[in-house]
Amino acid sequence: MAAPFSWIKPHPQGVHVVPADAWIDPSVAVDRALVTHGHADHARGGHGATVATPETLAIMALRYRTGEGPDGGDTTPVEYGETVRLKGGVDATYIPAGHVLGSAQILLEHAGERVVITGDYKRRADPTCPPFEVTPCDIFITEATFGLPLFTHPPIEEEMAKLLDRLAAYPDRCVLIGAYALGKAQRVIAELRAAGHHDPIYLHGAMEKMCRLYEEHGVDLGELRLVADHTKDDMRGAIVVSPPSALNDRWSRRLPDPITAMASGWMRVRQRARQRNVELPLVISDHADWHELTRTIQEVDPQETWITHGREEALLRWHQLHQRRARALALVGREDEDE
């Protein structure tokens, strides 16, 4: 008889599902990949076959040119709640993770054992994607991007109010928000709409295609305009969204005296804001904070937690203090994004 959970193997390049010869979020090209979401530290091109939600597959087609055919590989779309049978008697079910459009946890079931791989996730409401669903399991493989007690994300309503107050105080300037092109930018725009800001929002050209993809999948972002099509005067009193790399780039000179802002969970760390010359740090994260990580583990209540992608040491210590079993995984290619 095989040892418990011998069919699931952590490896530096990802998590290997042995009977199915499939990999979860592999960092290198493999024959069969099960992908949780479209960020570059979880998704890539070159796989022989990719299994993911339809939204994630659309994102991967846009970003990594994946798709049907010998070069882009084969794809299998899986809706939330749908179970696909992999070879070797492994069932995989995709469950909302609440991170970005299309993001999913993957529940693997084999020989009566249940393993959940979260990918990246958050517990806060997000108008751009379905909320995280707690799924009981035996082994819970969780991210820990903000796995330190100092990370407590404020309510997003407070950050939106801070942003809109600054905009109103300087009607002859604009607020330039640096935001990660996949997920963060669209969430910030959608949250601004929810807060009552219905004026046109201006985009750096690099943001347009992903915003349009979100709209094609039913996410209402309101009126969006390209910076390149407008004058400085058009953008006075407006909000502009760009990649973080453009905040202090020559590109920003075309804007009317921009107030630089940055939307990221890392803005909780003042040094990071200073390093980027950010005038208005906005603590807006698409990852679970410390309290959400520990609450989720308690709610899932696994036999053992495997921790990856972040601050494993503090979360390991928390498990020890709460008499819970845990181990850290050393996966390559898991980076601190502009989040």
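Treat the numbers as computed from the prediction; the structure is a model and nothing was measured.

Student: Please provide a residue-by-residue account of the domain arrangement of the protein chain, values included.
Tutor: Domain annotation of the protein chain identifies domain 1 (8-149 + 287-328) and domain 2 (156-283). For domain 1 and domain 2, the distance between their C-alpha centroids amounts to 29 Å. Between domain 1 and domain 2, the contact holds 19 residues from the first and 16 residues from the second. Of all residues in domain 1, L62, L101 and T128 bury the most surface against domain 2, accounting for 31% of the area lost on that side. Across the domain 1-domain 2 interface, the total number found is one salt bridge. Across the contact surface, domain 1 and domain 2 share two residue pairs in polar contact (both at pLDDT 80 or more). Looking at side-chain class alone, the side of domain 1 that touches domain 2 contains nine nonpolar, four polar and six charged residues.

Student: Tell me about the packing of helix α2 (residues 156-169) against helix α3 (residues 184-194), residues and numbers included.
Tutor: Between α2 and α3, the shortest axis-to-axis distance is 10 Å and the interhelical angle comes to 80 degrees. Overall, the two elements α2 and α3 adopt an arrangement that is roughly perpendicular. Contacts between α2 and α3 involve I156, M160, L163 and L164 from the first element and R187, V188, E191 and L192 from the second.

Student: Give a description of the side chain of T66 that names residues and reports values.
Tutor: By the element assignment, T66 lies in the loop between α1 (54-64) and β6 (74-77). Classification of T66 as buried rests on a relative accessible area of 11%. Here A61 takes part through its backbone nitrogen, which lies 3.3 Å from a polar atom of the side chain of T66. What T66 contacts, discounting residues up to four positions off in sequence, is R44, G45, L57, M60, A61 and G72.

Student: Explain the nonpolar core to me, and be specific about the residues and the numbers.
Tutor: With 36 residues, the main nonpolar core has L163, I177, I239 and V241 as its most contacted residues. Counting residues per element, the ones that place at least two in this core are α2, β12 (175-178), α3, β13 (201-203), α4 (208-216), β15 (239-242), β16 (259-263) and β17 (280-282). Counting contributing residues per domain, this core is built from domain 1 (8-149 + 287-328) and domain 2 (156-283), each supplying no fewer than three. When sequence neighbours within four positions are dropped, the list of residues in contact with L163 reads V175, I177, L192, I239, L280 and L282. In this structure, I24, L34, Y94 and I106 belong to the second largest nonpolar core, which totals 26 residues.

Student: Lay out the pattern of salt bridges with the relevant residues and their values.
Tutor: Across all of its chains, the model carries 20 salt bridges by this definition. Across the pair R85 and D91 runs a salt bridge, and its minimum N-O distance is 2.4 Å. Judged by its relative accessible area of 18%, D91 falls in the buried class. The closest approach of N and O atoms between R187 and D126, which form a salt bridge, is 3.9 Å. With R187 in helix α3 and D126 in the loop between β10 (113-117) and β11 (139-144), the pair connects residues that are 61 residues apart, well separated along the chain. Among the residues examined, R187 registers a relative accessible area of 2% and is labelled buried.

Student: Would you mind going over the sheet that holds strand β9 (residues 104-110) in detail, with residue names and values included?
Tutor: Strand order in the open sheet made by the seven strands is β7-β8-β9-β10-β11-β18-β19, with mixed pairing throughout. Edge positions in the sheet fall to β7 (83-86) and β19 (325-328), since each of these pairs with one other strand and no more. Strand-to-strand twist of the sheet, defined as the mean angle between neighbouring strand axes without regard to direction, takes the value 20 degrees. As paired strands, strand β18 (residues 304-310) and β19 are joined by four bridges and run parallel to one another. Residue pairing in the sheet places E304 in a bridge with R325 of β19. Relative to the sheet, helix α6 (residues 290-300) contacts β11 and β18, its axis offset from that of β11 by approximately 175 degrees.

Cut-off values and rules
- Residues numbered from 1 in each chain as written.
- Predicted model: local features only at pLDDT ≥ 70, side-chain atom pairs only at ≥ 80, totals over all residues.
- Heavy atoms only, no water.
- Domains from an automatic or database assignment.
- Contact = heavy atoms within 4.5 Å.
- Buried area = accessible area lost by both parts, 1.4 Å probe.
- Salt bridge = Lys/Arg side-chain N within 4 Å of Asp/Glu carboxyl O.
- Polar contact = N/O pair within 3.5 Å; in protein donor to acceptor, adjacent residues only side chain to side chain.
- Nonpolar A, V, L, I, M, F, W, Y, C, P; charged D, E, K, R; others polar.
- Axes fitted to C-alpha atoms, helices over the stretch in contact; angles between N-to-C directions.
- Helix = DSSP H or I, 4+ residues; strand = E, 2+ residues; numbered from the N terminus.
- Parallel < 35°, antiparallel > 145°, perpendicular 65-115°, else oblique.
- Buried < 20%, exposed > 50% of the residue type's maximum accessible area, 1.4 Å probe, protein only.
- Core = buried A, V, L, I, M, F, W, Y, C linked by side-chain atoms within 4.5 Å.
- Pairing = 2+ DSSP bridges.

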